[in-house]
Number of protein chains: 2
Amino acid sequence: VCICVIGGGSWGTGVVTLLGAAGAARIQWHCRNSEQALAINRDKRNPEHFPEHELPDQVYATDDLSEALDSCSIVYIVVPAGGVRELFESHPGAWEFWQDTQLASGATPIICNCSKGLLVDPTERTDDWLGSALPRATLVHLSGPNLAAEIVAGEPAAAVAASNTEAAAKSVQAQLASDRFRVYTGDDLIGVEVAGFYKNLIAIAAGMAHGLGLGNNARAVLITRGLAEMGRLVAHFGGKPATLSGLAGVGDLIVTCSSPLSRNFQVGQRRARGQSLAEIESEMSETAEGVNTSRALWQLPHVVALELPIAQQVYRILHENLDPKEAITQLMLRPAKAE
Amino acid sequence: VCICVIGGGSWGTGVVTLLGAAGAARIQWHCRNSEQALAINRDKRNPEHFPEHELPDQVYATDDLSEALDSCSIVYIVVPAGGVRELFESHPGAWEFWQDTQLASGATPIICNCSKGLLVDPTERTDDWLGSALPRATLVHLSGPNLAAEIVAGEPAAAVAASNTEAAAKSVQAQLASDRFRVYTGDDLIGVEVAGFYKNLIAIAAGMAHGLGLGNNARAVLITRGLAEMGRLVAHFGGKPATLSGLAGVGDLIVTCSSPLSRNFQVGQRRARGQSLAEIESEMSETAEGVNTSRALWQLPHVVALELPIAQQVYRILHENLDPKEAITQLMLRPAKAE
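Attention in this report is confined to the structure presented alongside it.

In contact at an axis separation of 9 Å, helix H11 (residues 247-258) of chain A and helix H10 (residues 216-236) of chain B are set at 140 degrees when each is read in the N-to-C sense. By the angle between their directions, the pair H11(A) and H10(B) is classed as oblique. Of the two elements, H11(A) crosses H10(B), and the hand of that crossing is right-handed. Between H11(A) and H10(B), the residues in contact are A:Leu247, A:Val250, A:Gly251, A:Ile254, A:Val255 and A:Ser258 and B:Asn216, B:Asn217, B:Arg219, B:Ala220, B:Val221, B:Ile223, B:Thr224 and B:Leu227, respectively. Residues belonging to the contact of H11(A) with H10(B) are distributed by class as follows: 8 nonpolar, 5 polar and 1 charged.

With that settled, the discussion passes to the environment of A:Ser258. Position of A:Ser258 among the secondary structure elements: in helix H11. For A:Ser258 and A:Arg219, which are 39 residues apart along the polypeptide, the C-alpha to C-alpha distance reads 8.5 Å. Dropping the residues within four chain positions of it, A:Ser258 is found in contact with A:Arg219 and B:Arg219.

This part takes up the relation of the copies chain B and chain A. After a rotation of 180 degrees and a shift along the axis of 0.0 Å, chain B superposes on chain A with an RMSD of 0.0 Å. Expressed as a symmetry operation, the mapping of one chain copy onto the other fits a two-fold axis. Here 100% of the interface residues in chain B have copies in chain A that are interface residues too; the copies meet face to matching face.

Here we take up the interface of chain B and chain A. With 46 residues of chain B at the contact, the number on the chain A side is 46 residues. Of the roughly 3900 Å² buried between chain B and chain A, counting both surfaces, carbon and sulfur atoms make up 58%. Area buried by chain B at its contact with chain A is led by B:Arg182, B:Asn217 and B:Glu339, which between them contribute 19% of it. The tally of links from chain B across to chain A stands at 0 salt bridges. For the interface between chain B and chain A, the tally reads 12 residue pairs in polar contact (both at pLDDT 80 or more). When residues of the side of chain B that touches chain A are traced back to their parent elements, those giving at least two are helix H7 (148-152), strand E9 (157-162), strand E10 (181-186), H10, helix H11 (247-258) and helix H16 (324-332) of chain B.

A few words now on the pattern of salt bridges. Residue and element names in this part refer to chain A. In this structure the tally under the stated criterion is 26 salt bridges over all chains. Measuring nitrogen to oxygen at the nearest pair gives 3.0 Å for the salt bridge that ties Asp43 to Arg42. Judged by its relative accessible area of 37%, Asp43 falls in the partly exposed class. Taking the shortest distance from any N to any O, the salt bridge between Asp128 and Arg125 comes out at 3.4 Å. Note on Asp128: relative accessible area 40%, which makes it partly exposed. Arg125 gets classed as buried once you look at its relative accessible area, which sits at 7%.

Its place among the elements puts B:Asn216 in helix H10. Within the local environment of B:Asn216, its side chain forms a polar contact with the side chain of B:Arg219, the two groups lying 3.2 Å apart. Beyond its immediate stretch of four places on either side in the chain, B:Asn216 contacts A:Leu147, A:Glu150, A:Val255 and A:Ser259.

Residue and element names in this part refer to chain B. Taken together, 8 strands build an open sheet; the order of strands is E3-E2-E1-E4-E5-E8-E9-E10 and the sheet is mixed. Of all strands in the sheet, those with a lone pairing partner are strand E3 (59-62) and E10, marking the two edges. Adjacent strand axes in the sheet meet at a mean angle of 25 degrees, parallel and antiparallel pairs treated alike. In the sheet, strand E1 (residues 2-6) pairs with strand E2 (residues 26-30) via 5 bridges, with the strands oriented parallel. Bridging from a neighbouring strand, Ile6 pairs with His30 of E2.

The next point concerns the state of the cysteines. Covalently bonding the sulfur atom of one cysteine to the sulfur atom of another cysteine gives a disulfide. This structure, assessed with the given rule, holds 0 disulfides over all chains. With no disulfide partner, B:Cys4 has as its closest neighbouring cysteine sulfur the one in B:Cys72, 5.1 Å distant. No disulfide involves B:Cys257; its sulfur sits 15 Å from the nearest other cysteine sulfur, which is in A:Cys257.

What follows covers the packing of aromatic side chains. Counting across every chain of the model gives 6 aromatic pairs over all chains. Ring plane angle 15 degrees and centroid distance 4.1 Å describe the contact between A:Phe88 and A:Trp95, whose orientation is recorded as stacked. The pair formed by A:Phe88 and A:Trp95 is uniform in burial state, with each residue classed as buried. Ring geometry for B:Phe88 and B:Trp129: centres 5.4 Å apart, planes at 80 degrees, overall edge-to-face. Taken together, the residues span a long stretch of sequence, with B:Phe88 in helix H4 (residues 84-89) and B:Trp129 in helix H6 (residues 126-133) at a distance of 41 residues.

Rules behind the numbers
- Residues numbered from 1 in each chain as written.
- Chains lettered and ligands numbered in written order.
- Predicted model: local features only at pLDDT ≥ 70, side-chain atom pairs only at ≥ 80, totals over all residues.
- Heavy atoms only, no water.
- Axes fitted to C-alpha atoms, helices over the stretch in contact; angles between N-to-C directions.
- Helix = DSSP H or I, 4+ residues; strand = E, 2+ residues; numbered from the N terminus.
- Parallel < 35°, antiparallel > 145°, perpendicular 65-115°, else oblique.
- Left-handed = near helix turned anticlockwise from the far one by under 90°.
- Contact = heavy atoms within 4.5 Å.
- Nonpolar A, V, L, I, M, F, W, Y, C, P; charged D, E, K, R; others polar.
- Least-squares fit on C-alpha atoms with pLDDT ≥ 70 in both.
- Buried area = accessible area lost by both parts, 1.4 Å probe.
- Salt bridge = Lys/Arg side-chain N within 4 Å of Asp/Glu carboxyl O.
- Polar contact = N/O pair within 3.5 Å; in protein donor to acceptor, adjacent residues only side chain to side chain.
- Buried < 20%, exposed > 50% of the residue type's maximum accessible area, 1.4 Å probe, protein only.
- Pairing = 2+ DSSP bridges.
- Disulfide = S-S within 2.5 Å.
- Phe/Tyr/Trp six-rings, centres within 6.5 Å; stacked < 30°, edge-to-face > 60°.

Honestly, that's just the spatial picture; any functional story needs more than this.
So this is what it looks like as structure tokens:
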């Protein structure tokens, strides 16, 4: 079976590695950059991410989208949320052709969305947008505590593959699961997607707390209150707050809020130490999704009316230059009531 | 108002510090050791825990239980679970007298249980036992992400005070809350207690994973699956699994499973590095509650029939000398199904 992975970043490298470990026959990996694709095919290494890591033999990289999609019934989208629309709008014919040929051959075209951000200008949830761009494909959303560096290093981890169609979630599970990566299926596509982008905002706040010298107790309080905010947002969009007790919720939140490897955590930490957002962004090589999400969130329908104090303070600190110390202290001092 | 705190350990020192910061008029602190009590009154420092930390002026330490209880309507029990029964059985008259005089004066005698373990021989939940020992007192259980070292250092934190009687929870909230410590009230006494002792088992497992060199992804998976186990146990005892989304559940779990300051985490880490339980215990100055809890748990009614794989492996590693590497690997490799 051919599998298509789109996106040559760090998490794309992680997904390719997992598919290889799980025994994929052939992985067609789309990278925007043709030199990167050439180097991957020549060296079996991604020159831009984890170049010390040898990629699975089954990898074939290409900058040609049609070639990458060819004969694959499942396509993993692993580009930053900001690149999702362009990926489709620059090659509408290739996607249309893919969807049609899969259906004509009797297969179900499946999009496994691995992104953890929001589309901007206009703001939209990635699954909503993908659903309208490819109305006859079935969506699966993959999320969990999956730091790419650890995945690439072969350390064990686990994730959730959620879909409204159980068979599609099981197909992704079958492709990805191995003795180093457990994949649970789930039916709450909305909850898994919202958790995936919202946790980045909490991670920025946790990084700020850390940068301000606050300890583990304070971080645990932020994460716990962040989980409550996340639950309100999931419910708002019609997802299930109970999903947040699982790997895509608590699991991913813990890892993103605890690890200096997390880009979003780093953004918060640097901002707390006095750098401006512009300075931080100019120094980071890959997108920290939380920065865009913190701005885009408020454009989603009716979100401004929700009680999301942490996300609100993160927005003000990043985009309105509010002092992190003052803002985080305000958060810690909110009046306590019934939990 | 006089407040009584029982227990001169590290968390007793933390509770005393919080009560002082919140403006207590007088804190009567019972320490078993008379020399410790003398030193505290003389130096305003606890010679055994955080001796560099100056205690609040309002502290009066004593090894006389009746003196400590005198005129206090709220008593904080901050001894290791293993010491709770003895505390009552060695002075039944003092407790009886306290309960009676409080009631006679028109006050509600309140026991705020801060312990996070199980009674052993026979196994019993501390709140169950306290409820039968002092049937006319009202129970509150305090729990949350509260590493004592950070609390004593003045860092911000938060906790839940849970009770079947809202007024009692609010009394504890009023005594403890300050600009550095937020106290939420809750009504799920059982959920808060179960979370408090069960998280120590998950922390031992997390310490083992860390000691085996596993990374942040694996730890997040363990914590998340541990939360699911905890939910089954809470439901079994008639508590509310939703409590676990809060500070006493996720919050405390995160901090205990992430910090080398946690004694239970340390036990797991050392066991994974090859020390036996006997060696570890001989080197630690204070009780790691999880060690006793991991043994006692299975004596609670009907618990053996529950699906608690992490707690089970921790038991086997600590008490049956199972190899940590094999056991933790088995946990990570359990077949994945719907989450």
